[in-house]
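Given next are the chains, with one letter for each unit.
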Amino acid sequence: MGKLPKAGWKETALLLFDLRTRYRVEGDSMAPTLTPGDQVSVDRKAKIAVGDIVVAKHPFKNSVTMIKRVREIDSTGRYFLISDNLQESTDSRSFGAVSRTDILGKATSLLY
């Protein structure tokens, strides 16, 4: 599974100029790739592909934002999101595929 690179000066500058968004990881659903307390930089305008880590709105819990990996994109353009830690997660296996409008962006780097 793909790991995120550490943010360099360019990614940090994009964050400072509000061209990236910072999200903090909560929970163990993406372990060992991401652990609680990790922070990621998210590109809201990035093209999303299979294997990417994305931040998305939970389809049934309006106040919940989740971070998952794209496992597949179906023929109707819906995204099947899966966790790296399958035992500690709720993902598309339980709530189904999500629309592109539910995806807030692609995680591009790990912030320190």
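Parameters at a glance
Residue numbers restart at each chain and count upward from 1, following the sequence in its written direction. Per-residue local features of the predicted model are confined to residues with pLDDT of at least 70, and side-chain atom pairs are confined, for both listing and counting, to 80 or more; whole-chain, interface and lining totals are unaffected and use all residues. The basis for the side-chain values is all heavy atoms of the structure; hydrogens and waters are excluded. Numbering of helices and strands runs from the N terminus; a helix is a DSSP stretch of H or I covering at least four residues, while a strand is a stretch of E covering at least two. Each radius of gyration is computed over the set of C-alpha atoms, and the globule rule expresses the reference value as 2.2 Å times the number of residues to the power 0.38. For the exposure calls, accessible area comes from a 1.4 Å probe over protein chains only, and a residue counts as buried if that area is under 20% of its type's maximum, exposed if over 50%, partly exposed in between. Any two residues having at least one pair of non-hydrogen atoms within 4.5 Å are treated as being in contact. For every residue, the predictor reports its confidence as pLDDT, a number between 0 and 100. By this definition, two strands are paired if DSSP reports at least two bridges between them. Note on definitions: angles span 0 to 180 degrees between N-to-C directions of axes, and those axes are lines fitted to C-alpha atoms, for helices only across the stretch in contact. The working definition used for a salt bridge is a side-chain nitrogen of Lys or Arg within 4 Å of a carboxyl oxygen of Asp or Glu.

This brings us to the overall build of the chain. The helix and strand tally for the chain stands at two helices and six strands. Its helices and strands taken in sequence order, the chain reads α-β-β-β-β-β-α-β from the N to the C terminus. Computed over C-alpha atoms, the radius of gyration of the chain comes to 13 Å, within 12% of the 13 Å expected from 2.2 N^0.38 for 112 residues, which places it in the range of a compact globule. Taken over the C-alpha atoms alone, the chain extends approximately 40 × 30 × 25 Å along its principal axes. Per-residue burial over the chain gives 45% buried out of 112 residues. Pairs at least 24 apart in sequence give 54% of the contacts found in the chain among residues at least 6 apart.

A residue-level look at the chain finds 99% of positions with pLDDT of 70 or above and a mean pLDDT of 93. Looking across the chain, the model is least confident in helix α1 (residues 9-16), with a mean pLDDT of 88, and most confident in strand β5 (residues 79-82), with 98.

For the rest of this paragraph, the subject is the sheet that holds strand β1 (residues 21-24). Strand pairing in a sheet relies on backbone hydrogen bonds. The paired strands run either parallel or antiparallel. Ordered in space as β1-β2-β6-β3-β4-β5, the six strands form an open sheet in which the pairing is antiparallel. Of all the strands in the sheet, just β1 and β5 have a single pairing partner and so form its edges. When strand polarity is set aside, the average angle formed by the axes of neighbouring strands in this sheet is 50°. Note that strand β4 (residues 65-73) and β5 share four bridges and pair antiparallel. Within β5, the position partnered with glutamate 72 by the bridge is phenylalanine 80. Sitting on the sheet, α1 is in contact with β1, β2 (39-43) and β6 (103-111), with an inclination near 135° to β6.

This paragraph deals with the pattern of salt bridges. Summed over all chains, the structure comprises five salt bridges. The closest approach of N and O atoms between glutamate 11 and arginine 20, which form a salt bridge, is 2.8 Å. Each member of the pair, glutamate 11 as well as arginine 20, is classed as buried. Where aspartate 84 meets arginine 69, a salt bridge forms, and the shortest distance between an N and an O atom there is 2.8 Å.

Note that the residue after alanine 31, namely proline 32, is joined by a cis bond; omega there is 5°. Note on placement: proline 32 falls in the loop between β1 and β2. Backbone geometry at aspartate 18 places phi at a positive 60°, although glycine is not the residue there. Relative to the helices and strands, aspartate 18 is located in the loop between α1 and β1. Residue classification places aspartate 18 among the exposed positions, given a relative accessible area of 51%.

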